[in-house]
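# Tertiary structure, described
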Amino acid sequence: MNSNLATKKFRTNRMCSLMVTHACNLNCVYCFEKFKTSKMMTFETAQNILKKEFDDYPKIQTEGSRMGIDFMGGEPLINFDVIKRVYEWTKSLNLPFNIVFSVTTNGTLLDTEKQEWFAQNAKDFRLVMSVDGNEYSQVANRGVSTNTLPLEFIRDTWPNSYFKQTLTHDTLPYYAAGVIALNEHGFRVASSLAQGHTWADDDDKTYREQLKALGQYYIDHPDIPLSTPFDMMYIQLLDENISRPPRKNCGTGTGIHFYDVDGKMYPCHLFLPMVHGNPNVLEEIKDVDFCNDIALIDNDCINCPILRVCATCYGFNYMKRQCVAKRDKSMCKLYLAQAQEISSFQIRYFTSIDRKLTTNELLTLQSAMRCYELVENISM
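Values in this document were obtained by computation on a predicted structure and should not be read as measured data.

## Observations concerning the overall build of the protein chain
In terms of helices and strands, the protein chain carries 12 helices and 8 strands. The C-alpha atoms of the protein chain give a radius of gyration of 21 Å, which matches the 21 Å a tight globule of 380 residues would have. In terms of overall dimensions, the protein chain has C-alpha extents of about 55 × 45 × 40 Å along its principal axes. Going through the 380 residues of the protein chain one by one, you find that 53% of them count as buried. For the protein chain, long-range pairs separated by at least 24 residues make up 76% of all intrachain contacts whose partners lie at least 6 apart in sequence. Just so you have it, the protein chain exposes about 17400 Å², and 49% of that area is on carbon and sulfur atoms. For the protein chain, the centre of its 40 positive side-chain charges and the centre of its 45 negative side-chain charges are spaced 4 Å apart.

This is the structure we're talking about:
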């Protein structure tokens, strides 16, 4: 499943992620980083990592492709000096390929000085700020008010960017209202269900109700851009060879090169020792082939009719069940509800447009129709 919120400007075929700090100034209820420290990545470590990445990237470079450098934490702006130095050093190299930089931040440290610097370099950067909806949801999940965040700065500097919203059991009933409130102020939102979270048996019903309400809002306000998951494309369902195993959900272990503060590389940030406290994780997963799609599918799920519309997180699978293929079965009903409601919505939405659909819109409609055929009569 793919989101269309990211513009072509920011698409990459190699993402180099740097964990620039383990430290964070918040303590979000769904945070998976249970073993935070005060450790920071030095500029020299970042430099050594990127020198190797820059040497390697031309081997996979294609026409129009970009390499991504993503700064993560903890809260990455705690180590803002290294972010600045890495950017300025990289720009001085005049590399023969394009690079886009991104920062995933909680926004609380984005003061005037940092805003001015990012605004000056906005053409090369994207800031993804975590905002969990309305005031209740934001405070319940993250312990900080939306009134303290520079929401307008993000919107005005990167009009096509979005806020990252994570849904939990407690905030699920406020999902639609929160997104609508942000949309009404010109803010874009990408929502996702919290992985590794404890979900109740009837959360799928609440999720379904919220998706219906938010879908109706987009039907009634066609001028408002669709938010994720409403802009999802169930593109795998159009595969002519539908019997082949679905491709894995993300670039874990392949398109992502994730480096911890000490420069050691991991398949993604969910495998870091600061997440699960296991310093031997690389030894334990050394035989996992992240290029083998079938090896990443739970045997219990291989014949499931909703396998292709049911996401999973390989890092959480390892952390919670010591196996990258073992999915969280408590989320199955949630993903079924999502597939049923989103595909139904997309069929209504795109067939109501009174003009010729774009190629992308037509593809979204076609995949939605195939998805609806697949999931319409399934219940769990």
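The discussion continues.
## What about the packing of aromatic side chains?
For the structure on display, the rule yields 27 aromatic pairs. Measuring from ring centre to ring centre gives 6.4 Å for Phe71 and Phe101, while their planes differ by 5°; the resulting arrangement is stacked. On the criterion of sequence distance, the pair formed by Phe71 in strand S2 (residues 66-72) and Phe101 in strand S3 (residues 98-105) is long-range, its members being 30 residues apart. Of the residues examined, Phe101 reaches a relative accessible area of 1% and is grouped as buried.

## So, the pattern of salt bridges
Enumeration according to the criterion identifies 16 salt bridges in this entry. A salt bridge links Lys59 to Asp56; the shortest N-O distance between them is 3.4 Å. Exposure remark for Lys59: the relative accessible area of 68% places this residue in the exposed category. When its relative accessible area of 24% is taken as the criterion, Asp56 is described as partly exposed. Note that Lys114 and Asp111 form a salt bridge whose closest N and O atoms lie 3.2 Å from each other. Relative accessible area serves as the criterion here: at 12%, Lys114 is assigned to the buried category. Overall, Asp111 belongs to the partly exposed group, its relative accessible area being 35%. One connected set of salt bridges, linked through shared partners, spans Arg14, Glu53, Asp56 and Lys59.

## Looking at empty space enclosed by the protein
In this structure the tally under the stated criterion is 2 cavities of 30 Å³ or more. Here the largest cavity defines a volume of roughly 60 Å³. Along the walls of the largest cavity sit Gln195, Cys310, Ala311, Thr312, Cys313, Asn317, Arg321, Arg327, Asp328, Met331 and Tyr335, which together make up its complete lining. Residue composition of the lining of the largest cavity, by class: 5 nonpolar, 3 polar and 3 charged.

## Topic: the environment of Gly255
Among the structural elements, Gly255 can be located in the loop between helix H7 (203-220) and strand S7 (256-259). Sequence spacing of Gly255 and Ser330 is 75 residues, and the spatial spacing of their C-alpha atoms is 28 Å.

## So, the packing of H7 against helix H11 (residues 332-351)
The contact between H7 and H11 brings their axes to 9 Å, and the two run at 15°. Here H7 lies roughly parallel to H11, going by the angle between them. The two elements H7 and H11 meet at a crossing, and its hand is right-handed. Together, Asp203, Asp204, Tyr207, Arg208, Leu211, Lys212, Gly215, Gln216, Tyr218 and Ile219 of H7 and Lys333, Leu334, Ala337, Gln338, Gln340, Glu341, Ile342, Phe345, Arg348 and Tyr349 of H11 make up the contact between the two elements. Its residues assigned to classes, the contact of H7 with H11 shows 9 nonpolar, 4 polar and 7 charged.

## Description of the confidence of the model for the protein chain
Across the protein chain, pLDDT averages 92, with 96% of residues at or above 70. Low confidence marks residues 1-10, where pLDDT is under 50. Its contacts with residues over four positions away, or in another chain, come to 33 contacts.

## Let's talk about the pairing of strand S1 (residues 14-19)
Buried residues dominate S1, accounting for 6 of its 6 residues. Burial of the side chains of S1 extends over both faces: Arg14, Cys16 and Leu18 are buried on one face and Met15, Ser17 and Met19 on the other. Of the strand pairs in this sheet, S1 and S2 are connected by 6 bridges, and their pairing is parallel. What sits directly across from Met15, in S2, is Gly68. Sheet topology note: the S1/S7 ladder contains 4 bridges and is parallel. By the bridge assignment for S7, Leu18 is matched with Tyr259.

## So, helix H3 (residues 112-120)
Listed in full, the buried residues belonging to H3 are Lys114, Trp117 and Phe118. Relative to the axis of H3, the buried residues are bounded by an arc of 95° and lie together on one face. When the buried face of H3 is taken as reference, the exposed residues oriented beyond 90 degrees from it are Thr112 and Gln120. Where H3 is buried, its residues meet helix H2 (80-92), S3, strand S4 (125-130) and helix H5 (151-157).

Thresholds applied
- Residues numbered from 1 in each chain as written.
- Predicted model: local features only at pLDDT ≥ 70, side-chain atom pairs only at ≥ 80, totals over all residues.
- Heavy atoms only, no water.
- Helix = DSSP H or I, 4+ residues; strand = E, 2+ residues; numbered from the N terminus.
- Rg over C-alpha atoms; globule rule 2.2 N^0.38 Å.
- Buried < 20%, exposed > 50% of the residue type's maximum accessible area, 1.4 Å probe, protein only.
- Contact = heavy atoms within 4.5 Å.
- Areas by Shrake-Rupley, 256 points an atom, 1.4 Å probe, with all protein chains shown as cover.
- Lys, Arg positive; Asp, Glu negative; His and termini not counted.
- Charge placed at Lys NZ, Arg CZ, Asp CG, Glu CD.
- Phe/Tyr/Trp six-rings, centres within 6.5 Å; stacked < 30°, edge-to-face > 60°.
- Salt bridge = Lys/Arg side-chain N within 4 Å of Asp/Glu carboxyl O.
- 1 Å grid on protein atoms, 1.4 Å probe; cavity = no way out; pocket = protein on both sides within 12 Å on 5 of 7 lines; lining within 4 Å.
- Points joined across faces, edges and corners; volume = space filled by probe spheres on them.
- Nonpolar A, V, L, I, M, F, W, Y, C, P; charged D, E, K, R; others polar.
- Axes fitted to C-alpha atoms, helices over the stretch in contact; angles between N-to-C directions.
- Parallel < 35°, antiparallel > 145°, perpendicular 65-115°, else oblique.
- Left-handed = near helix turned anticlockwise from the far one by under 90°.
- pLDDT = per-residue confidence, 0-100.
- Pairing = 2+ DSSP bridges.
- Arc of directions from axis to C-beta.

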